[in-house]
Amino acid sequence: MSTLTDDDLTRLLTAAAADHPVPERGPQEVLAALAEAPVRLPLRRRRPVQLLAAAAVVTAAFAGGALLQPAAEPASVTAAPAAAPTPAPSSEEVADRDGALDSFQLAQDFAAPAPAAPADALGTRPPAAARQTQSSAAAGPAVQAPAPDGARVVKTGSIALLVSDGRVTPTLTAVQELATAAGGLVQSAETQESGRAPSGTVVLRVPVAGFEEVVGRVRSLDAEVRAATTSGRDVTAEYTDLEAQLRTLRAARERFLVILGDARAIGDVLGVQQRVDEVTLQIDRLEGQRLLLAAQSDSATLEVRVTEADDPAVAVTEKPDDGLGKASRDAWDGFTSGVEALVAASGRGLLVLLCLLVALVVARLGWRASRRRLV
Amino acid sequence: MDDDLEAWLARDYATAYRTACLVLRDPHEAQDAVQEAFLRVWRFRASVPDGDGRTAWLYRVVVNACISRVRAQQSRTGKDVGPAGLESLPDAAPPTADLAEHAQLAVDVVAALADLPEHLRVPLVLRFYAGLSEKEIAVAIDRRPGTVKSRLHDARQRLALDPRLSAWVRDDALEAAR
């Protein structure tokens, strides 16, 4: 073990620091940023009151978010057909949720402005707020309700096409051109030319407003539709909740910044700055979630698989949802729903217990005081 | 504090920037952090103490800005940007023959610093690069002087065990690098 003296450390760190050339325009950039920085006029208010108000705003933001969250879930569930149980999420939905973080970069890249969903002229389609999963095999064209104004729906779909010999590549090319013409893009493409059954898969990202049209055009290609699945997940409540939280947090940050402008003592400055940093972190985190949801609901994902021969992967394997399996699933759903309800109610129960405890202590102290007064 | 920001920048910017570089190991993040720190200090210059306390106060804001950026990066990436996340660390591959010894020394020192946890790296850099006293470091990191002394001791012990620095503390190697 060597001995490191103060001189050694000073020389080593000085040498390492010298390896970082100081930006020549660094000081000038500071001056330029200072010139551009807005001047905040300090408000003559009582700082504790301001701090309390800002803290109350932040607390209200979280409380509001917590209250909105449970209220949003039943809305999408009750909008589903009453007679049918809530459909299990499709594989696309599961993959969508699991890959949420991975697709964040894509969400940022696919930052086209949110197209306004066209209103259904006939008004005969179910509302987009209803979570729905539709599956068909060579049946009529896939029907996916467009989102009404303001609604945000994450749409996904998959289509399996069977083509004649030598038609895999032309069909895939036609599919990609359809996506491009609709203002979308090709997220991934894969072809397998070897073997007795050439096949290819292409994943498209198309504007959600043109999703049904693209699905219809893909189905109308010169190919046999072996399977087609589309699904929609309503995220309007989740998105609105995020926007509300962001508005509140930004307002809180503005209040903190005003307080910061009025602060004079070092401790106040650093303390308030720390609060500003914390709120900014929360804003960044929520803004990322909002951007991801926006991108997912702005562009739908459509996977098209083209094959020349019967492919086991495209076989329809759905079984009628009845019998003992359905009963077991219903039982399990009931069990998990009950546990969730118990956990959700535990918070209020704890609050009631706390209130009772405080009341008990106050009553006991009051009783003792009254007895002393009597004695 | 006088209203002479230019003179203040000319005097302290370089040291503050390189301090941030050693703490953050990312020149771009360091530049942003130092700019933010200077703006913050300038905005609240009325509360900046005079005399020796001014330097400690500046570095307190610099350190806070650096730590905020580290935490923001951790929040964005969801992983610890400590010793395991050294994307911006200079390549520690063996040097080519024509690589100057000075460059290799810098690489070794930065790598050794990167292996130190943040709570040891910050006081070490403030003490032995920025030249702050233990009392000033205590102000800068908002800890007691005894804690600073303890952390400096721990940091020194860890660096003394680092084989990458052992070669450079020999008199001849260090002299050559200088």
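Residues numbered from 1 in each chain as written. Chains lettered and ligands numbered in written order. Predicted model: local features only at pLDDT ≥ 70, side-chain atom pairs only at ≥ 80, totals over all residues. Heavy atoms only, no water.

### Observations regarding the overall build of chain A
Right, on to step 1. When helices and strands are counted, chain A shows ten helices and six strands.
Right, on to step 2. Looking at chain A as a whole, 35% of its 375 residues are labelled buried.
Right, on to step 3. Long-range pairs, those at least 24 residues apart, make up 82% of the contacts in chain A between residues at least 6 apart in sequence.
Right, on to step 4. Split by element, the accessible area of chain A, about 21700 Å² in all, is 60% carbon and sulfur. (Helix = DSSP H or I, 4+ residues; strand = E, 2+ residues; numbered from the N terminus. Buried < 20%, exposed > 50% of the residue type's maximum accessible area, 1.4 Å probe, protein only. Contact = heavy atoms within 4.5 Å. Areas by Shrake-Rupley, 256 points an atom, 1.4 Å probe, with all protein chains shown as cover.)

### Considerations on helix α1 (residues 6-18) of chain A
Right, on to step 1. Across its 13 residues, α1(A) extends 18 Å between first and last C-alpha, which sits within 8% of the 18 Å expected from 1.5 Å per residue.
Right, on to step 2. Of the positions making up α1(A), those classed as buried are A:D8, A:L9, A:L12, A:L13, A:A15, A:A16 and A:A17. (Expected span 1.5 Å × (residues − 1).)

### As for the packing of helix α8 (residues 236-262) of chain A against helix α9 (residues 266-298) of chain A
Residues and elements named next belong to chain A.
Right, on to step 1. At a minimum axis distance of 9 Å, the contact between α8 and α9 shows a crossing angle of 160°. Compared by their axis directions, α8 and α9 come out roughly antiparallel. When the axes of α8 and α9 are compared, the crossing they make is left-handed.
Right, on to step 2. Its residues assigned to classes, the contact of α8 with α9 comprises 16 nonpolar, five polar and seven charged. (Axes fitted to C-alpha atoms, helices over the stretch in contact; angles between N-to-C directions. Parallel < 35°, antiparallel > 145°, perpendicular 65-115°, else oblique. Left-handed = near helix turned anticlockwise from the far one by under 90°. Nonpolar A, V, L, I, M, F, W, Y, C, P; charged D, E, K, R; others polar.)

### A look at the packing of helix α2 (residues 26-36) of chain A against helix α2 (residues 27-43) of chain B
Right, on to step 1. Two elements in contact, α2(A) and α2(B), have axes whose closest approach is 10 Å; the angle formed by their N-to-C orientations is 50°. When the axis of α2(A) is compared with that of α2(B), the two are oblique. The way α2(A) lies across α2(B) gives a crossing that is right-handed. Along the contact surface, α2(A) presents A:G26, A:E29, A:V30, A:A33 and A:L34, while α2(B) presents B:Q31, B:Q35, B:F38, B:L39 and B:W42.
Right, on to step 2. For the contact of α2(A) with α2(B), the class distribution of residues is six nonpolar, three polar and one charged.

### Examining the interface of chain B and chain A
Right, on to step 1. Taken together, the contact pairs 49 residues of chain B with 42 residues of chain A.
Right, on to step 2. Counting the surface lost from both chain B and chain A, the interface buries some 4300 Å², and carbon and sulfur atoms represent 71% of this.
Right, on to step 3. Where chain B packs against chain A, one counts one salt bridge.
Right, on to step 4. One salt bridge in this structure joins B:R156 and A:D6, with 2.5 Å as the shortest N-O distance.
Right, on to step 5. Along the contact surface separating chain B from chain A lie five residue pairs in polar contact (both at pLDDT 80 or more).
Right, on to step 6. Of all the secondary structure elements, the ones that give two or more residues to the side of chain B that touches chain A are α1 (5-24), α2, α3 (53-77), α4 (101-115), α5 (118-128), α7 (145-160) and α8 (163-169) of chain B.
Right, on to step 7. Considering only residue class, the side of chain B that touches chain A consists of 32 nonpolar, nine polar and eight charged. (Buried area = accessible area lost by both parts, 1.4 Å probe. Salt bridge = Lys/Arg side-chain N within 4 Å of Asp/Glu carboxyl O. Polar contact = N/O pair within 3.5 Å; in protein donor to acceptor, adjacent residues only side chain to side chain.)

### Observations regarding the packing of aromatic side chains
Residue and element names in this part refer to chain B.
Right, on to step 1. This model, assessed by the stated rule, comprises three aromatic pairs over all chains.
Right, on to step 2. A ring pair is formed by Y13 and Y17, whose centres lie 6.3 Å apart and whose planes are at 5°; its orientation type is stacked. Here Y13 pairs with Y17, and both are found in helix α1, just four residues apart, close to one helical turn.
Right, on to step 3. Y13 gets classed as buried once you look at its relative accessible area, which sits at 1%.
Right, on to step 4. The exposure class of Y17 is buried, given its relative accessible area of 3%.
Right, on to step 5. An aromatic cluster of at least three residues, connected via ring pairs, comprises Y13, Y17 and F38. (Phe/Tyr/Trp six-rings, centres within 6.5 Å; stacked < 30°, edge-to-face > 60°.)

### Examining the nonpolar core
Right, on to step 1. Counting residues in each nonpolar core, the largest one holds 89 residues, and the members touching the most others are B:F38, B:L124 and B:L126.
Right, on to step 2. The element that contributes the greatest number of residues to this core is α1(B), accounting for eleven residues.
Right, on to step 3. Setting aside residues up to four positions removed in sequence, B:F38 forms contacts with A:V30, B:W8, B:L9, B:D12, B:Y13, B:A16 and B:L58.
Right, on to step 4. In this structure, A:A179, A:F211, A:V215 and A:A300 belong to the second largest nonpolar core, which totals 22 residues. (Core = buried A, V, L, I, M, F, W, Y, C linked by side-chain atoms within 4.5 Å.)

### A few points about a nonpolar patch on the surface
Right, on to step 1. A contiguous nonpolar patch, built from A:L351, A:L354, A:L357, A:V358, A:L360, A:V361, A:V362 and A:L365 and spanning about 780 Å² of accessible area, is present on the exposed surface.
Right, on to step 2. As for its placement among the helices and strands, A:L351 is situated in helix α10 (residues 323-374). (Patch = residues over 30% accessible without salt bridge, like charges linked within 9 Å, V, L, I, M, F, W, Y side chains within 5 Å.)

### What about the confidence of the model for chain B?
All names here are of chain B.
Right, on to step 1. Residues with a pLDDT of 70 or more make up 74% of chain B, whose mean pLDDT is 76.
Right, on to step 2. Across chain B, the secondary-structure element scoring lowest on mean pLDDT is helix α9 (residues 171-177), at 53, and the one scoring highest is α7, at 90.
Right, on to step 3. This model gives residues 80-99 a pLDDT under 50, and the stretch forms 27 contacts once residues within four places in sequence are excluded.
Right, on to step 4. With pTM at 0.40, the complex prediction returns an ipTM value of 0.77. (pLDDT = per-residue confidence, 0-100.)

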